Amino acid sequence: MLVILSGVAGAGKDTIKKELIKRMENVESLPSYTSRPIRPGDVEGETYCFVSKEEFEKRIEDGEFYEYDVHHNHYYGTSKKLMNDKISGGKIIVKDIEVNGTESLKEILGKDTKIVTIFLRVSKDELQRRLENRVDKPSPAEIKLRLNRFDYEESKIGLYDYVLKNNDLEKTVQIIMTIIENEKRLENV
């Protein structure tokens, strides 16, 4: 099963993903490939697989991605090999990805793979506060770029099975754990 978490940058996707992996058996992350620089706290192969822009473009040419996009001026993509290895291993994969990637993965994998999509909502004011208080301190230009994408991301919530307001981390994690357990039961029926 593939569980996709989406929402604007700063909605809490990565934090929630880490909590799900900590608390649930057989749940793993699927890191995206990216051309963005490593930030404090990033772990190669865990948060992302970091490659240069040129290396990313070579992987595009070689057809190594299910989907990829340019987001906040950097490439992000889903590796076919990493995804296939984890799915064939019977893992529940939790992937945080933006809305265009969600649409692509549903289209490409939806017939063969159980996909559960969850969109995390936060208000624009809360998003700005979170971005300004992040450990990795995005620049004012980067904050503006992310806030400008807010309306576009929100316009795509119709793609998602579940839409959750993420105002309380513990409550949101508990709800998503329940969703995963219920979807797992439905898959086995």
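Owing to the predicted nature of the structure, the values given are computational and were not obtained by experimental measurement.

Calculation rules
- Residues numbered from 1 in each chain as written.
- Predicted model: local features only at pLDDT ≥ 70, side-chain atom pairs only at ≥ 80, totals over all residues.
- Heavy atoms only, no water.
- Core = buried A, V, L, I, M, F, W, Y, C linked by side-chain atoms within 4.5 Å.
- Buried < 20%, exposed > 50% of the residue type's maximum accessible area, 1.4 Å probe, protein only.
- Helix = DSSP H or I, 4+ residues; strand = E, 2+ residues; numbered from the N terminus.
- Salt bridge = Lys/Arg side-chain N within 4 Å of Asp/Glu carboxyl O.
- Polar contact = N/O pair within 3.5 Å; in protein donor to acceptor, adjacent residues only side chain to side chain.
- Contact = heavy atoms within 4.5 Å.
- Axes fitted to C-alpha atoms, helices over the stretch in contact; angles between N-to-C directions.
- Parallel < 35°, antiparallel > 145°, perpendicular 65-115°, else oblique.
- Left-handed = near helix turned anticlockwise from the far one by under 90°.
- Nonpolar A, V, L, I, M, F, W, Y, C, P; charged D, E, K, R; others polar.

A. Here's a closer look at the nonpolar core. Grouped together as the largest cluster of nonpolar side chains are 26 residues, with contacts concentrated most on Val3, Leu20, Ile118 and Ile176. Secondary structure elements with two or more residues in this core: strand E1 (2-6), helix H1 (13-23), strand E7 (92-96), strand E8 (115-121), helix H5 (124-132), helix H6 (140-148) and helix H8 (169-188). By size, the runner-up hydrophobic cluster in this structure holds ten residues, among which are Ile4, Leu30, Met83 and Leu109.

B. View of the pattern of salt bridges. A complete count under the given rule lists 21 salt bridges for this structure. Residue aspartate 96 is joined to lysine 17 by a salt bridge in which the shortest nitrogen-to-oxygen separation is 2.7 Å. A residue pair is termed long-range when its members are at least 10 positions apart, and aspartate 96 in strand E7 and lysine 17 in helix H1 qualify at 79 residues. Assigned by exposure class, aspartate 96 and lysine 17 land together as buried. With a closest N to O distance of 3.6 Å, lysine 91 and glutamate 28 form a salt bridge. Taken together, the residues lysine 91 in the loop between helix H3 (80-88) and E7 and glutamate 28 in strand E2 (residues 27-29) connect sequence positions 63 residues apart. A residue is classified by how much of its surface remains accessible, and glutamate 28, at 26% relative accessible area, is partly exposed. Salt bridges sharing common partners tie together Asp14, Lys17, Lys18 and Asp96.

C. Molecular detail of the side chain of serine 35. On the secondary structure map, serine 35 appears in the loop between strand E3 (32-34) and strand E4 (48-50). We classify serine 35 as buried; its relative accessible area is 17%. Only 2.8 Å separates the side chain of serine 35 from the backbone nitrogen of tyrosine 75, close enough to count as a polar contact. Aside from chain neighbours lying at most four places away, what touches serine 35 is Val51, Ser52, Lys53, Phe56, His74 and Tyr75.

D. Summary view of the packing of H1 against H8. Relative orientation of the contacting elements H1 and H8 amounts to 60°, with a least axis distance of 10 Å. Judged by the inter-axis angle, H1 sits oblique to H8. Considering how the two elements wind past one another, H1 and H8 form a crossing that is right-handed. Facing H1, whose interface residues are Thr15, Ile16, Glu19, Leu20 and Arg23, H8 presents Leu169, Glu170, Thr172, Val173, Gln174, Ile176, Met177 and Ile180. Partitioning the contact of H1 with H8 into residue classes produces seven nonpolar, three polar and three charged.

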